[in-house]
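Spelled out, the chains give:
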Amino acid sequence: MRIVYLVDSLKAGGKERQLVYLIEQICKKADVTIIVFSDEIFYTEVLGLPVRVYTVSKSNKFNIKTLVAVYRELKKTQPHVVHSWENISTLLVMPYLVLNPRTKLVSSIRYAGKLKRSLMQWIVKLIVHGWSCAIVSNSRQGLVVENLLGSKKGNVIYNGIDLLPFDTYKLIVSQFLEFKNRVIMVGRFYGAKDYITF
């Protein structure tokens, strides 16, 4: 199976970290290409994986040259699945999807609270979610917010964490201290987070 992932960047962030964790496992069973709409790559371990990373400069993201370049990359890759982690970026693959209806689109929900959207963002979301054969959220609450809980399209891949670095840290620290603490992961704090539920 050939899978193309679309992501705005691979900068330091939870969405990007989760994508890298998924790709580390999926690339063992599928041919993976990542189209990144930024030259910024914090998670450099992805460069050591058996995946193709195709970058598009953010300054050139929404012009005709980018549209043509993305179309050519998809035509060369001929993916079975395009998994988009960005609704707006998905517009760049729509011409390919229209001309290649066998390629399935999977879109993402990366939030758990109501977002303030412009009319254009709302229309883009409706197009992308309508075209998608599956919509993957990082939480059950994301599906609730978008009224997809119980829908055949709605799926959850929960945020995870690679415990190996913590095990290594625990081993190092335990040589000096008795390790009785628990690690609590905290993401960034901003208005779209659903603090009331948690």
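Our structure's up above, just so we're on the same page.
For the structure given in this document, a descriptive report is provided here. For clarity, every value in this text was computed on a predicted model and none was experimentally measured.

## Concerning helix α2 (residues 64-77)
Owing to its 3.6 residues per turn, the α-helix brings residues three or four apart onto one side.
Here is step 1: In this model, α2 (14 residues) spans 20 Å end to end at C-alpha, consistent with the 20 Å of a helix rising 1.5 Å per residue.
Here is step 2: Every buried residue belonging to α2 is among Thr66, Val70, Glu73, Leu74 and Thr77, and all of these are buried. One side of α2 holds all its buried residues, which, seen down the axis, span an arc of 95°. Those residues of α2 that are exposed and aimed more than 90 degrees away from the buried face are Ile64, Lys65, Arg72, Lys75 and Lys76.
Here is step 3: Residues of α2 that are buried sit in contact with β1 (2-7), β2 (31-36), β3 (51-55), β4 (81-84) and α4 (94-99).
Here is step 4: Note on α2: the residue one or two positions beyond its end, Gln78, has a positive phi of about 50°.

## Some remarks on helix α1 (residues 14-26)
Here is step 1: Between its first and last C-alpha atoms α1 spans 18 Å; for 13 residues at 1.5 Å apiece the expected length is 18 Å, and the two agree.
Here is step 2: Residues Glu16, Arg17, Gln18, Leu19, Val20, Leu22 and Ile23 constitute the buried set of α1.
Here is step 3: Those residues of α1 that are buried are in contact with β1, β2 and β3.

## Here we look at the pattern of salt bridges
Here is step 1: One pass over the full model with this rule turns up 3 salt bridges.
Here is step 2: Of the charged contacts, one joins Arg52 and Glu73 as a salt bridge, the two residues approaching to 2.8 Å between their closest N and O atoms. With a gap of 21 residues between them, Arg52 in strand β3 and Glu73 in helix α2 connect regions that are remote in the sequence.
Here is step 3: With its nearest N and O atoms 3.7 Å apart, the salt bridge here joins Lys76 to Glu73. Of the two residues, Lys76 and Glu73 are both situated in helix α2; the distance of 3 residues between them amounts to about one turn of the helix.
Here is step 4: When its relative accessible area of 3% is taken as the criterion, Glu73 is described as buried.

## So, the sheet that holds strand β5 (residues 104-109)
Here is step 1: An order of β3-β2-β1-β4-β5-β6-β7 is seen for the 7 strands of this open sheet, with the pairing classed as parallel. Among the strands making up the open sheet, the edge pair consists of β3 and β7 (154-156). Taken pair by pair, the neighbouring strands of this sheet meet at an average axis angle of 20°, ignoring direction.
Here is step 2: Where α1 meets the sheet, its contacts fall on β1, β2 and β3, and the angle it forms with β1 comes to roughly 170°.
Here is step 3: Sheet contacts for helix α5 (residues 119-131): β5 and β6 (134-137); angle to β5, the most-contacted strand, approximately 130°.

How each quantity is defined
Residues numbered from 1 in each chain as written. Predicted model: local features only at pLDDT ≥ 70, side-chain atom pairs only at ≥ 80, totals over all residues. Heavy atoms only, no water. Helix = DSSP H or I, 4+ residues; strand = E, 2+ residues; numbered from the N terminus. Expected span 1.5 Å × (residues − 1). Buried < 20%, exposed > 50% of the residue type's maximum accessible area, 1.4 Å probe, protein only. Arc of directions from axis to C-beta. Contact = heavy atoms within 4.5 Å. Salt bridge = Lys/Arg side-chain N within 4 Å of Asp/Glu carboxyl O. Pairing = 2+ DSSP bridges. Axes fitted to C-alpha atoms, helices over the stretch in contact; angles between N-to-C directions.

Geometric descriptors of this kind do not, in isolation, establish any biological role.
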